[in-house]
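# Coordinate inspection notes
Read off the chains here:
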Amino acid sequence: MQPYFFPYIGYWQLINSVDIFIIYDDVNFIKRGYINRNNILINNVKHLFTLALIKSSQNKKINEILIGENNKKILRTIEQSYLKAPFFHDIFPIIEDIFSNKEKDLSKFLGNSLQIFSKYLDINTKFEYSSMLENDKSLQAQDRLIEISKILNATDYINAIGGEQLYDKNAFSDAGINLSFIQTELINYKQFNNKFIPNLSIIDVMMFNSKEDIKEMLKKYTLV
């Protein structure tokens, strides 16, 4: 998967369900996606916040892009939005730790954040960067994923549910690999005194739920 910026709970279900998670960082950056943006709750309203980038372009690979200088602004926004959330004092120091990282490479910064949150959630998945693996980078789409799976001696490959429209189970099966897609079940929890707003950043999930409750949420999916 491409590295996402504080991704939603389904992304973490995917990380938790595999032995090795590939941070797909040597593919083209996608503007207006979730690589450097996500949503949190501000005044009971879904609000988009964005990590500043330097000269980002869809013609550049994710690992060719550097992050900008709005970390403090994002931290201030998160603090003001969730100060009264029940687990604020547990989670905000972790977010501060992530933003204290001096790494400017976008993919490495995001990869670090995924690993820090995974450690908090007791997820023991191993992380690898696609750019660091010796593989044929001229291959496209599922052909490259199949090759990476073979290099890692994988018998199963799990992707987000959106991959159903992109990847062919028969092609993976012909290569001796079982392809599955993770379908997140309905997850609901108490936020402030507002009507529940779903599919926000993991930040929102962590601010309102204990580690134990989140670990139960990680199990609420089916493989299709």
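Look a little higher up for the structure.
First, a word on scope: everything that follows refers to the structure included in this document. As the structure is a prediction and not an experimental result, all values here were calculated from the model.

## Overview of the pairing of strand E2 (residues 37–42)
Pairing geometry for E2 and strand E3 (residues 45–50), over six bridges, is antiparallel. The residue of E3 that forms the bridge with Asn38 is Phe49. Taking the residues that link successive antiparallel strands as the turn, the E2-E3 hairpin has two residues, and the phi of Asn43 there is positive, at about 55 degrees.

## Here's the deal with the layout of surface pockets
Its boundaries defined by the atoms lining it, the largest pocket holds a volume of some 560 Å³. Taken together, 27 residues line the largest pocket, and the ones lying closest to its centre are Gln2, Tyr24, Asn159, Leu166 and Tyr167. The calculated volume of the second largest pocket comes to roughly 450 Å³. Around the second largest pocket sit 19 residues that line it, and Val18, Ile20, Ala154, Asp156 and Tyr157 are the ones nearest its centre. Elements represented by at least two residues in the lining of the second largest pocket include exactly helix H1 (9–17), strand E1 (20–23), helix H5 (141–151) and strand E7 (156–160). The greatest single-element share of the lining of the second largest pocket, amounting to four residues, is contributed by E7.

## Focus: the nonpolar core
Ranked by size, the top nonpolar core spans 76 residues in total, and within it Phe6, Phe21, Tyr82, Ile95, Leu106 and Met207 carry the most contacts. Those residues in contact with Phe21, other than ones at most four positions away along the chain, are Met1, Tyr11, Leu14, Ile15, Leu114, Thr125, Lys126, Phe127 and Glu128.

## Notes on H5
Residues Gln142, Arg144, Leu145, Ile146, Ile148 and Ser149 constitute the buried set of H5. For H5, the elements touching its buried residues are E1, E7 and helix H6 (169–174). Downstream of H5 by a residue or two, Asn153 has a phi angle that is positive, lying close to 55 degrees.

## A few points about the sheet that holds E7
In sheet architecture, strand pairing relies on hydrogen bonds along the backbone and comes in two forms, parallel and antiparallel. The three strands lie next to each other as E7-E8-E9, forming an open sheet whose pairing is mixed. A single partner strand is all that each edge strand has here, and the edge strands are E7 and strand E9 (221–223). Averaged over all adjacent pairs, the angle separating strand axes in this sheet is 30 degrees, with direction ignored. Across three bridges, strand E8 (residues 178–184) lies against E9 in antiparallel orientation. What sits directly across from Thr184, in E9, is Tyr221. Lying over the sheet, H1 contacts E7, E8 and E9, oriented at roughly 140 degrees with respect to E8.

Reading the values: the criteria
- Residues numbered from 1 in each chain as written.
- Predicted model: local features only at pLDDT ≥ 70, side-chain atom pairs only at ≥ 80, totals over all residues.
- Heavy atoms only, no water.
- Pairing = 2+ DSSP bridges.
- Helix = DSSP H or I, 4+ residues; strand = E, 2+ residues; numbered from the N terminus.
- 1 Å grid on protein atoms, 1.4 Å probe; cavity = no way out; pocket = protein on both sides within 12 Å on 5 of 7 lines; lining within 4 Å.
- Points joined across faces, edges and corners; volume = space filled by probe spheres on them.
- Core = buried A, V, L, I, M, F, W, Y, C linked by side-chain atoms within 4.5 Å.
- Buried < 20%, exposed > 50% of the residue type's maximum accessible area, 1.4 Å probe, protein only.
- Contact = heavy atoms within 4.5 Å.
- Axes fitted to C-alpha atoms, helices over the stretch in contact; angles between N-to-C directions.

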